[in-house]
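What the coordinates show
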Amino acid sequence: MSPAPEKSRHGNGDEGFKSRVTVVGSGNWGSVAAKLIASNALKLPSFHDEVRMWVFEEVLPNGEKLTDVINKTNENVKYLPGIKLGRNVVADPDLENAVKEANMLVFVTPHQFMDGICKKLSGEITGEVEAISLVKGMEVKKEGPCMISSLISKQLGINCCVLMGANIANEIAMEKFSEATVGYRESREIAETWVQLFSTPYFMVTAVHDVEGVELCGTLKNVVAIAAGFVDGLEMGNNTKAAIMRIGLREMRALSKLMFPSVKDSTFFESCGVADVITTCLGGRNRRVAEAFAQSGGKRSFDELEAEMLQGQKLQGVSTAREVYEVLNYCGWLEMFPLFATVHQICIGRLKPEAIVHYREHKA
């Protein structure tokens, strides 16, 4: 699909044109994203009031369908209980129907589902459409790693920005002050449209010209959070945890720049960088489940702990650690990234959780 003129994409040159937004995903973060966008769609004259949200249909214990309950109560009772999404949010279990009229697509699902979603939508996306990915993770293919924004762009033929940051979803749902970073590749104008759509007085969004840097920060910090969880589970203390966070941030920066030399150092000082590492290592689900894993001495599997502790939400750090390990092994970089390599080996039971501090940092 050839790029459309910037003005017509967002209706700036079309009298009366209104953008339609669909959120592809309805988990914890997807529901919060829908809430943010819905509040702004009502206020911004260039957007339709209605915000569609694709829901992977589930039957609740009472026999009702999750989609029906969301549309009846205006609340995602499974993944974001107690929070009203906005009356203009419409849940739709049919993926193709949900995106049919949208010209702005927000992808926010566990990264392991994105390849299947893109394949299902291939050929369904027509006209002048923009996308943004809130998905943390990467696809590792035989030809090398593929970022989720690139997967969306290649499979659907559309431009894709990213939004990452220090964003524990439940805190944003309760309207506690937070920040986020939009990464864009080409048009600053499109990035600013996304900023406008997500920004609220309690959610401050800034744009940077570095898609890969922003996206890799959001992806790799979950591996660091797993390491921080091991430290907490073994009660190693704050000094150790701070050291692991620093080493993790160094490895994030080094790997990002090896994979994409265009990545900017300044990106690591944005919300998507150091701030996201801090909040995820203090309060995220990856840290919490890794802590339980270490407390069990590695005897309980991550799959078992995920099912018990996350009520249907997905853990990202363990699968990302595996994907990162595959990239490092494929490229011959394992010795340069001892923390990332060690996290994966602990996750699969090759090393004990105590091994998280039993290595020397490689001096590149």
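In this convention, every chain numbers its residues from 1, walking through the sequence in written order. Per-residue local features of the predicted model are confined to residues with pLDDT of at least 70, and side-chain atom pairs are confined, for both listing and counting, to 80 or more; whole-chain, interface and lining totals are unaffected and use all residues. Neither water nor hydrogens contribute to the side-chain values; these are computed over all heavy atoms in the structure.

Turning to the overall build of the protein chain, a few remarks are in order. Note on conventions: DSSP H or I runs of at least 4 residues are helices, E runs of at least 2 residues are strands, and numbering of each starts at the N terminus. Looking only at helices and strands, one finds 15 helices and 10 strands in the protein chain. Throughout, radius of gyration means the C-alpha value; the globule benchmark is 2.2 Å times the number of residues raised to the power 0.38. For a compact globule of 364 residues, the expected C-alpha radius of gyration is about 21 Å, and the protein chain comes in at 20 Å, within 12% of that figure. Taken over the C-alpha atoms alone, the protein chain extends approximately 65 × 50 × 40 Å along its principal axes. Within the span of the protein chain, comprising 364 residues, buried residues form 57% of the whole. Long-range contacts, defined as pairs at least 24 residues apart, comprise 72% of the intrachain contacts of the protein chain with a sequence gap of at least 6. Throughout, the Shrake-Rupley method with a 1.4 Å probe supplies accessible areas, and for residues the shown protein chains are the sole cover considered. In the structure as shown, the protein chain presents an accessible area of about 15400 Å², 52% of it carried by carbon and sulfur atoms. Only protein chains enter the accessibility calculation, which uses a 1.4 Å probe. A residue is then buried if its area is under 20% of the maximum for its type, exposed if over 50%, and partly exposed in between. Residues are treated as being in contact if the distance between any of their heavy atoms lies within 4.5 Å.

Delimitation of the domains relies on an automatic or database domain assignment. Here the domain parsing of the protein chain yields domain 1 (19–209) and domain 2 (214–355). Here the C-alpha centroids of domain 1 and domain 2 sit 24 Å apart. With 31 residues of domain 1 in contact, the opposing surface of domain 2 contributes 33 residues. Note on domain 1 versus domain 2: buried area summed over both sides is about 2500 Å², and carbon and sulfur give 61% of it. Salt bridges are defined as contacts in which a side-chain nitrogen from Lys or Arg sits within 4 Å of a carboxyl oxygen from Asp or Glu. Counting across the domain 1 and domain 2 interface gives 0 salt bridges. A 3.5 Å cut-off defines polar contacts: any pair of N or O atoms within that distance qualifies, except that in protein one atom must be a possible hydrogen donor and the other a possible acceptor, and neighbouring residues in sequence count only when both atoms are side-chain atoms. Inspection of the region where domain 1 meets domain 2 yields 11 residue pairs in polar contact (both at pLDDT 80 or more). Broken down by secondary-structure element, the contributors of at least two residues to the side of domain 1 that touches domain 2 are strand 6 (138–141), strand 7 (144–147), helix 6 (148–156), strand 8 (159–164), strand 9 (178–183) and strand 10 (203–208). Counting residues per element, the side of domain 1 that touches domain 2 draws most heavily on strand 9, which supplies 4 residues. In this description, buried area is defined as the sum, over both parts, of the accessible area (probe of 1.4 Å) that is lost when the two are combined.

Attention now goes to the packing of aromatic side chains. When two rings of Phe, Tyr or Trp (its six-membered ring) have centres within 6.5 Å they constitute a pair, described as stacked for plane angles under 30 degrees, edge-to-face for angles over 60, and tilted for the intermediate range. Tallied over the entire structure, the rule returns 6 aromatic pairs. Summarising the aromatic geometry, the rings of phenylalanine 293 and phenylalanine 302 are spaced 4.3 Å apart at their centres and angled 15° between planes, so their arrangement reads as stacked. Phenylalanine 302 shares its class with phenylalanine 293; the two are buried. Grouped by ring-pair contacts, the aromatic residues Phe230, Phe293 and Phe302 constitute a single cluster.

UniProt positions are given in the numbering used here, feature names are shortened, and annotations may be inferred rather than shown by experiment. Residues annotated by UniProt as "active site" (unreviewed entry) correspond here to Lys221. With respect to the helices, strands and loops of the structure, lysine 221 is situated in helix 9 (residues 211–233). Look past the residues within four positions of lysine 221 in its chain and what remains in contact with it is Lys136, Met252, Asp276, Val277 and Thr280.

The next subject is the pairing of strand 8. Summarising burial for strand 8: 6 of the 6 residues are buried, a large majority. Both faces of strand 8 are covered, namely the face carrying Asn159, Cys161 and Leu163 and the face carrying Cys160, Val162 and Met164. Any two strands between which DSSP finds at least two bridges are classified as paired. Pairing of strand 5 (residues 130–133) with strand 8 involves 4 bridges; the strand directions are parallel. Each residue of the ladder has a partner; that of alanine 131, found in strand 8, is cysteine 160. Sheet analysis places strand 8 next to strand 9, joined by 3 bridges and oriented antiparallel. Bridged to valine 162 within strand 9 is glycine 183.

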